[in-house]
Amino acid sequence: MLEYFASLNGAALLRACPGGIAQGLIWGIMALGVYMTFRMLDLADLTVDGSFATGGAACVMLIANGWNPELALLIAFLTGLVAGAVTGLLHTKLGIPAILAGILTQISLYSINLNIMGKANQAINVNATVLRITSNANLLWRTIVIVAVCCVALISVLYWYLGTEHGSALRATGSNGAMSRALGINTDTMKIVGLALGNGLVALSGGMLSQYQGFADVNMGRGAIVIGLAAVIIGEVLAEAIIGKRLNFWLRLLFVVIGSIVYYLVYVFVLWLKFPANDMKLLTAIVVAIFLAVPYLQKMRKSSFHHAGVRARAQQKGGDR
Amino acid sequence: MLRVESISKTFNPGTINEKKALCGVSLHLAPGDFVTVIGGNGAGKSTLLNAVAGTWPVDDGRILIDNVDVTGLPDFRRAKYIGRVFQDPMMGTAANMQLVENLALALRRGKTRTLRWGVTKAESEQYRERLAQLGLGLEDRLTVRVGLLSGGQRQAVTLLMASLMQPKLLLLDEHTAALDPKTAAKVLEISDQIVSENNLTTLMVTHNMKDAIRHGNRLIMLHEGRIVLDISGEEKKNMTVPQLLEMFHTVSGSDDANDKMLLS
Ligand SMILES: Nc1ncnc2c1ncn2[C@@H]1O[C@H](COP(=O)(O)OP(=O)(O)OP(=O)(O)O)[C@@H](O)[C@H]1O
Ligand SMILES: [Mg+2]
């Protein structure tokens, strides 16, 4: 035990933190995409595991072909738009349940991503390209600032869009489909738009991560949906605790990114504790399951059959006496 | 204003669950008509309203609203002509959006949703006034999440939403059935107020015969997908609940009228 504690190195933890923040910010953009579909449209969209890697693959291959890295990110965003729109079409025009539609696109993207890259992973020639987003230790803080500015800009754009007539119609679609149609909103179109935008953000994030880590991998998006959900949920819990009633929508979106940063800092910390990296996905899934279950369990605590039964038995005993 | 020409609808055709819900129903409403619709469970009342609203396509017949043939249009394309209030108070409003956002969505019913801001200052003022007219104290709660309002309040808000953008046709499907008697009476009163103020052409389904007689200028009874009674004017005004029940028995050929029909 003592040995274990002695083996932990405080300085190493500090050194790992900036990397955690940078990754958290990059994945925060992905979490904004998940927020879009999960919270705004009320759809659990599994496309993201595939579209995240598509963004990375497209980005890496374009850079390899001499494209400007920022332009490559824009194309990554567009690939996500298309992927999301495909899921939306499968769901709304072909009547496939949203979860299944997402899985179908995700699986197709696996093949597509392999085709884009030609093999399971591709590295960026870091010496031949100037990357603004990079894990290079000397430039790490600059990367953090750049990605943070991107996050704030994207949050502001999302805030604006979701406040417009069009964005309100999208939120209404997620909140009450029957009402939306009665008010003349084409809910099918809105779902397609929302899924496209969400996956666009996810693929953009995938592109950024590929630049950050210097390579793309077909499996880089595996479990992305769970990380996205974790960020969304951690963000909501923190926002509720820190800001409470004065929470406005802009801050809500900001806390999605903050949730992602916290997730990655915890990730770094747990790894530092020598938790096996292979088990991280298990741990994440457990944490997300717990948080998703909390509202339900809270309700059950207030009124459950078990408690009703206990009360009934107590009353019965009182009556017998 | 509304012309329904011999429409038919069969659910699950060709299966063991086949159900002829509407059998060649025709109905003409003049502008300003306020028609109450009664009939037993499964008579086809909701089906008739859904057909007009475009929830699904009809099998046969035509539907015209203000001389526009809407038979081939899905619900969201007909929405610009139609205001709707559903039986379930949860159905008519978006629970996790603010009251003011719900109203703003309704003000733009049937219009193209642009990238302009969703709620303007000027319209908020308008909403405050209209909400004050409901007399439910909602005018000071514009930013409240609608999910926090009571069923009656939500139903009143839905009524307001249906009439914000003047509809050519108002469809009310047992919109007070889920409310307690006092709230139901209040919501009915608000309905009357909104209908007469805007001179709306209205179809109102109800299970309460007294309400069916008291409200509106015309009454129709549906039975097994057909209109079996259509009265208006003096004849309707002088109608009594026992007379109406008597007629119901005659057409349905049974003595024990549906429980709900007896509620009056
Ligand atoms: N979407 C549907 N799919 C299958 N059958 C349906 C559907 N909607 C209605 N029906 C059937 O059509 C018939 C008419 O139903 P409808 O809802 O119009 O009755 P109603 O007059 O509104 O009755 P209630 O007073 O119970 O509301 C019923 O037998 C019903 O089961
Ligand atoms: Mg009905």
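Refer to the structure printed above.
Given the structure is predicted, the values throughout are model-derived calculations rather than measurements. (Residues numbered from 1 in each chain as written. Chains lettered and ligands numbered in written order. Predicted model: local features only at pLDDT ≥ 70, side-chain atom pairs only at ≥ 80, totals over all residues. Heavy atoms only, no water.)

**Notes on the overall build of chain A**
For clarity, the cut-off: Runs of H or I in DSSP of at least four residues are treated as helices and runs of E of at least two as strands, each being numbered from the N terminus. Taken over C-alpha atoms, the radius of gyration is set against a globule rule of 2.2 Å times the number of residues to the power 0.38. Note on classification: 1.4 Å probe, protein chains only; a residue is buried when its accessible area is under 20% of the maximum for its type, exposed when over 50%, partly exposed between these limits. Accessibility throughout is a Shrake-Rupley quantity obtained with a 1.4 Å probe, and a residue counts as covered only by protein chains that appear here.
What chain A contains, in helices and strands, is 13 helices and 2 strands. The globule rule puts the C-alpha radius of gyration for 321 residues at 20 Å, and the 22 Å found for chain A is close to it. When the backbone C-alpha atoms are referred to their principal axes, chain A occupies close to 85 × 65 × 40 Å. Split into buried and exposed, the 321 residues of chain A put 48% on the buried side. Of the roughly 15500 Å² that chain A leaves accessible, carbon and sulfur atoms contribute 66%.

**A word on the overall build of chain B**
For clarity, the cut-off: Any pair of residues with heavy atoms lying within 4.5 Å of one another is described as a contacting pair. Only four residue types enter the tally: Lys and Arg on the positive side, Asp and Glu on the negative side, with His and both chain ends excluded. To locate a charge, take NZ of a lysine, CZ of an arginine, CG of an aspartate or CD of a glutamate.
Each helix and strand in chain B was counted, giving 10 helices and 10 strands. In summary, chain B has a C-alpha radius of gyration of 19 Å against a globular reference of 18 Å for 264 residues, a match within 12%. Dimensions along the principal axes, computed over C-alpha positions, put chain B at roughly 55 × 40 × 35 Å. Counting only residues that meet the buried cut, chain B has 53% of its 264 residues in that class. In chain B, the share of contacts with a sequence separation of at least 24, taken over all contacts with a separation of at least 6, comes to 67%. When the accessible surface of chain B is split by element, carbon and sulfur atoms take 50% of a total near 11700 Å². Averaging the coordinates of the 31 positive side-chain charges in chain B and doing the same for the 30 negative ones gives two points 7 Å apart.

**Brief notes about helix α5 (residues 98-117) of chain A**
Residues and elements named next belong to chain A. For clarity, the threshold we go by: Multiplying one less than the number of residues by 1.5 Å gives the expected span of a helix.
The end-to-end C-alpha separation of α5 is 28 Å, in line with the 28 Å expected for 20 residues at 1.5 Å each. Looking only at α5, the buried set comprises Ala 98, Ala 101, Gly 102, Thr 105, Leu 109, Asn 113 and Met 117. Of the surrounding elements, those touching the buried residues of α5 are α3 (48-64), α4 (69-92), β1 (121-123) and β2 (215-217).

**Quick notes on the interface of chain A and chain B**
Note the threshold: Buried surface area refers to the total accessible area, computed with a probe of radius 1.4 Å, that the two partners give up upon joining, counted for both partners together. The term salt bridge refers to a pairing of a side-chain nitrogen on Lys or Arg with a carboxyl oxygen on Asp or Glu at a separation within 4 Å. We call two N or O atoms a polar contact when they sit within 3.5 Å, provided that within protein one can donate a hydrogen and the other can accept it, with sequence-adjacent residues counted only if both atoms are side-chain atoms. Polar here means any residue outside two lists: the nonpolar Ala, Val, Leu, Ile, Met, Phe, Trp, Tyr, Cys and Pro, and the charged Asp, Glu, Lys and Arg; Gly therefore counts as polar.
Between chain A and chain B, the contact holds 21 residues from the first and 29 residues from the second. Interface area, chain A with chain B, both sides summed: about 2100 Å², of which 63% is carbon and sulfur. Counting across the chain A and chain B interface gives 3 salt bridges. With a closest N to O distance of 3.0 Å, Arg 171 of chain A and Glu 101 of chain B form a salt bridge. Applying the counting rule to chain A against chain B returns 13 residue pairs in polar contact (both at pLDDT 80 or more). For the side of chain A that touches chain B, the secondary structure elements donating two or more residues are α6 (140-163), α7 (165-175) and α8 (177-182) of chain A. The residue makeup of the side of chain A that touches chain B, split by class, is 10 nonpolar, 8 polar and 3 charged.

**Observations concerning unusual backbone geometry**
All names here are of chain B. Unusually for a residue other than glycine, Asn 67 sits at a positive phi of about 70°. Looking at where Asn 67 falls in the secondary structure, it is placed in the loop between β4 (60-65) and β5 (68-69). Residue Asn 67 is classed as exposed on the basis of its relative accessible area of 66%. The residue Glu 224 is not glycine, and still its phi comes out positive at about 45°. Relative to the assigned elements, Glu 224 resides in the loop between β9 (218-223) and β10 (226-232). Overall, Glu 224 belongs to the exposed group, its relative accessible area being 54%.

**Structural notes on the sheet that holds strand β8 (residues 202-205) of chain B**
Residue and element names in this part refer to chain B. Applied cut-off: Here a strand pair is declared whenever DSSP counts at least two bridges between the two strands. In this analysis, axes come from line fits to C-alpha atoms, helices being fitted only over the stretch in contact, and the angle between any two N-to-C directions falls in the range 0 to 180 degrees.
Pairing within the open sheet is mixed, and its 6 strands lie in the order β6-β7-β8-β3-β9-β10. Of all strands in the sheet, those bounded by a partner on one side alone are β6 (82-85) and β10. Averaged over all pairs of adjacent strands, the angle between their axes in this sheet comes to 15°, without regard to strand direction. Pairing geometry for strand β3 (residues 34-38) and β8, over 4 bridges, is parallel. Residue Thr 36 lies in a different strand from β8, and its bridge partner there is Met 204. This element, helix α1 (residues 45-53), spans β3, β6, β7 (169-173), β8 and β9 of the sheet and lies at about 150° to β7. Sitting on the sheet, helix α5 (residues 151-164) touches β6 and β7, and the angle it makes with β6 is about 175°.

**What about the site of ligand 1?**
Residue and element names in this part refer to chain B. So the rule is basically this: For each residue, the test is whether any non-hydrogen atom lies within 4 Å of the molecule or strand; if one does, the residue is near.
In the neighbourhood of ligand 1, 14 residues make up the surrounding shell, with Asn 41, Lys 45, Ser 46, Thr 47 and His 207 lying closest. With respect to ligand 1, the backbone of Gly 44 contributes an N or O atom lying 2.9 Å from an oxygen atom. Protein coverage of the free-state accessible area of ligand 1, which is 620 Å², stands at 65%. Among the elements of the structure, β2 (19-29) and α1 are those that each provide at least two residues to the shell around ligand 1. A breakdown of the residues in the shell around ligand 1 according to their chemical character gives 3 nonpolar, 8 polar and 3 charged.

**Looking at empty space enclosed by the protein**
Test applied: As defined here, a cavity is a set of points on a 1 Å grid over the protein atoms alone where a 1.4 Å probe fits but cannot get out. A pocket is an open set with protein on both sides within 12 Å along at least five of seven lines, and residues line them when an atom is within 4 Å of a point. Grid points are joined across faces, edges and corners, and a volume is the space filled by probe spheres set on the points.
Following the criterion strictly, the structure yields 4 cavities of 30 Å³ or more and no others. One number sums up the size of the largest cavity: a volume of about 70 Å³. Taken together, Met 179, Ala 182 and Leu 183 of chain A together with Arg 84, Phe 86, Gly 92, Thr 158, Met 161 and Ala 162 of chain B make up the lining of the largest cavity. Element by element, the count of residues in the lining of the largest cavity is highest for α5 of chain B, at 3 residues. Classifying every residue of the lining of the largest cavity by side-chain character gives 6 nonpolar, 2 polar and 1 charged.

**Side note on the pairing of β3 of chain B**
Residues and elements named next belong to chain B. The element β3 is extensively covered by neighbouring structure, given that 5 of its 5 residues are classed as buried. Inspection of the sheet shows β3 paired to β9 by 4 bridges, in the parallel sense. Paired with Val 37 across the strands is Ile 220, a residue of β9.

**Considerations on the sheet that holds β5 of chain B**
Residues and elements named next belong to chain B. Judged by pairing direction, the sheet is antiparallel, and its 4 strands sit side by side in the order β2-β1-β4-β5 without closing on themselves. What marks the edges here is a single partner per strand, and that holds for β2 and β5. Across 5 bridges, strand β1 (residues 2-11) lies against β4 in antiparallel orientation. What sits directly across from Val 4, in β4, is Ile 63.

**A look at the packing of helix α10 (residues 224-242) of chain A against helix α11 (residues 249-272) of chain A**
All names here are of chain A. For clarity, the cut-off: In this scheme, roughly parallel covers angles under 35 degrees and roughly antiparallel covers those over 145, while 65 to 115 is roughly perpendicular and the rest are oblique. Helix crossings get a hand from a simple test, with the near helix turned counterclockwise from the far one by less than a right angle marking a left-handed crossing and a clockwise turn marking a right-handed one.
The interhelical angle for the contact between α10 and α11, taken along N-to-C directions, is 110°, at an axis separation of 7 Å. Comparing the axis directions of α10 and α11 gives the class roughly perpendicular. Every pair of crossing elements has a handedness; the one defined by α10 and α11 is right-handed. Residues Ile 227, Ala 230, Ala 231, Val 232, Ile 234, Gly 235, Leu 238, Ala 239 and Ile 242 of α10 touch α11, and the partners they reach there are Phe 255, Val 256, Ile 258, Gly 259, Ser 260, Val 262, Tyr 263 and Tyr 264. When the residues that make up the contact of α10 with α11 are grouped by side-chain class, the tally is 14 nonpolar, 3 polar and no charged.

**Things to note about the environment of Gly 235 of chain A**
Residue and element names in this part refer to chain A. The residue Gly 235 is located in helix α10 in this model. Placed 19 residues apart in sequence, Gly 235 and Leu 254 show a C-alpha to C-alpha distance of 8.3 Å. Once residues lying within four places of it in the same chain are set aside, the contact partners of Gly 235 are Phe 255 and Gly 259.

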